[in-house]
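Spelled out from the first residue to the last, the chains are:
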Amino acid sequence: MSGIALHIRQIKDSLPAGVRLVAVSKTHPASRIQEAYDAGQRIFGESRPQEFAQKAALLPPDIEWHFIGHLQTNKVKQVVGVASLIHAVDSERLLLEIEKEAAKRDLIVPCLLQVHIAAEEAKFGFSADEIQHLFAQNFFSNTPHVQLAGLMGMATNTDDHKQVSREFRGLKQLFDQIKRTCFTNNTSFCELSMGMSGDYRIAIDEGSTLVRIGTAIFGGR
Ligand SMILES: *Cc1c(COP(=O)(O)O)cnc(C)c1O
């Protein structure tokens, strides 16, 4: 068995029911993705629009492609129509651009709102307050072609497990609150994308439904 196949099997065996694995294949060639596919993996995550579109065209059509990276508004065209899920929607402008492109193509595009949960400055994402404000002002009535499927976040890159737990727990609480108040009797808001190679076990303990794992499957980039 190849290293990739082994890693996928080990990770999948450790995931509780209800948690899905997104194999993050960015920077790795199509041949490595094919190896993971042959081992049974079907969901892959990419973070650069051009690489995303090129790989999707090359690889088997039953792959579920997720776009996980920061998406610039001028790159939305390359991603809508290919992505089954866009994980990191982080601004009103981007929401409106996805809406425009999806409407043009008569598609409904599942998206996650990225929430800034890390202590670090540089990462993208809405604050919890901004997200609550979007719902309070009924912003999503402007974006009928965007299907809000849940939230996504990245914890601080630290060895402090308590801090990482606390950040993921805060995101889960926000997710539960939005689900309860804005999606009553509606099961479509159901995904909580949190956890990477270094912290996915903590994320699972805190309620993740989608873990995005690259290095632990494919090795270093
Ligand atoms: C690259 C990336 C990952 C995977 O990170 P690893 O540490 O390699 O598992 C997960 N999420 C996002 C948004 C990424 O850009």
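Preceding this paragraph is the structure being described.
Below is a summary of the structure that appears in this document. (Residues numbered from 1 in each chain as written. Predicted model: local features only at pLDDT ≥ 70, side-chain atom pairs only at ≥ 80, totals over all residues. Heavy atoms only, no water.)

**Here we look at unusual backbone geometry**
Excluding glycine, a negative phi dihedral is what most residues carry, and trans is how most peptide bonds are arranged. To be explicit about the condition: Elements are defined by DSSP. Helices are runs of H or I of four residues or more, strands are runs of E of two residues or more, and each kind is numbered from the N terminus.
Despite not being glycine, Asp106 shows a phi value in the positive range, around 60°. Structurally, Asp106 is set in the loop between helix 5 (92-104) and strand 5 (109-116).

**What about the site of the ligand?**
The following threshold applies: Put simply, a residue is near a molecule or strand once any heavy atom of it comes within 4 Å of that molecule or strand. We define a polar contact as two N or O atoms separated by no more than 3.5 Å, with the added condition that, inside protein, one atom must be a possible hydrogen donor and the other a possible acceptor, whereas residues neighbouring each other in sequence contribute only through side-chain atom pairs. The Shrake-Rupley method, run with a 1.4 Å probe sphere, supplies the accessible areas, and residue values consider only the shown protein chains as cover. Think of it as three bins: nonpolar holds Ala, Val, Leu, Ile, Met, Phe, Trp, Tyr, Cys and Pro, charged holds Asp, Glu, Lys and Arg, and polar takes everything else, Gly as well.
Residues in close proximity to the ligand include Val24, Lys26, Ile68, Met152, Met196, Ser197, Arg212, Ile213, Gly214, Thr215 and Arg221, which together make up its full environment. The contact in question runs from an oxygen atom of the ligand to an N or O atom on the backbone of Gly214, over 2.8 Å. In this structure, an oxygen atom belonging to the ligand sits 2.5 Å away from a side-chain N or O atom of Thr215. Within the complex, the protein chains bury 88% of what would otherwise be the 390 Å² of accessible surface of the ligand. Grouping the amino acids of the shell around the ligand by side-chain chemistry returns five nonpolar, three polar and three charged.

**With respect to the nonpolar core**
Definition in use: By nonpolar core we mean a set of buried residues, namely Ala, Val, Leu, Ile, Met, Phe, Trp, Tyr and Cys, connected to one another through side-chain atoms within 4.5 Å. Residue burial is assigned from relative accessible area. The probe radius is 1.4 Å, only protein chains are included, and a residue is buried under 20% of its type maximum, exposed over 50%, and partly exposed in between. Contact definition: two residues touch when any of their heavy atoms are within 4.5 Å.
Judged by nonpolar contacts, the single largest core of 61 residues is most densely connected at Ile86, Leu95, Ile98, Leu113, Leu151 and Ile217. Examining the composition of this core, we find that six residues originate from one element, helix 7 (residues 161-182), more than from any other. When near neighbours in sequence (up to four residues on either side) are disregarded, Leu113 contacts Val89, Leu95, Phe126, Ile131, Phe135, Phe140, Leu148, Gly150, Leu151 and Met152. Core analysis: the next-biggest nonpolar cluster, separate from the first, contains 10 residues, Val22, Ala149, Met152 and Leu210 among them.

**Describing the pairing of strand 2 (residues 43-46)**
Applicable threshold: Any two strands between which DSSP finds at least two bridges are classified as paired. Look down the strands so they point away from you; if the path from the first strand over the helix to the second goes clockwise, the crossover is right-handed.
Side chains Ile43 and Gly45 project from strand 2 onto one buried face, and the interleaved Phe44 and Glu46 project onto a second face that is buried too. In this structure, strand 1 (residues 20-24) lies alongside strand 2, joined through two bridges in parallel fashion. Bridging from a neighbouring strand, Ala23 pairs with Phe44 of strand 2. The handedness of the strand 1 to strand 2 crossover, carried by helix 2 (residues 30-38), is right-handed. Here strand 2 pairs with strand 3 (residues 64-67) via four bridges, running parallel. Its bridge partner lying in strand 3, Gly45 is registered against His66. Between the parallel elements strand 2 and strand 3, the chain passes through helix 3 (residues 49-58) in a crossover that is right-handed.

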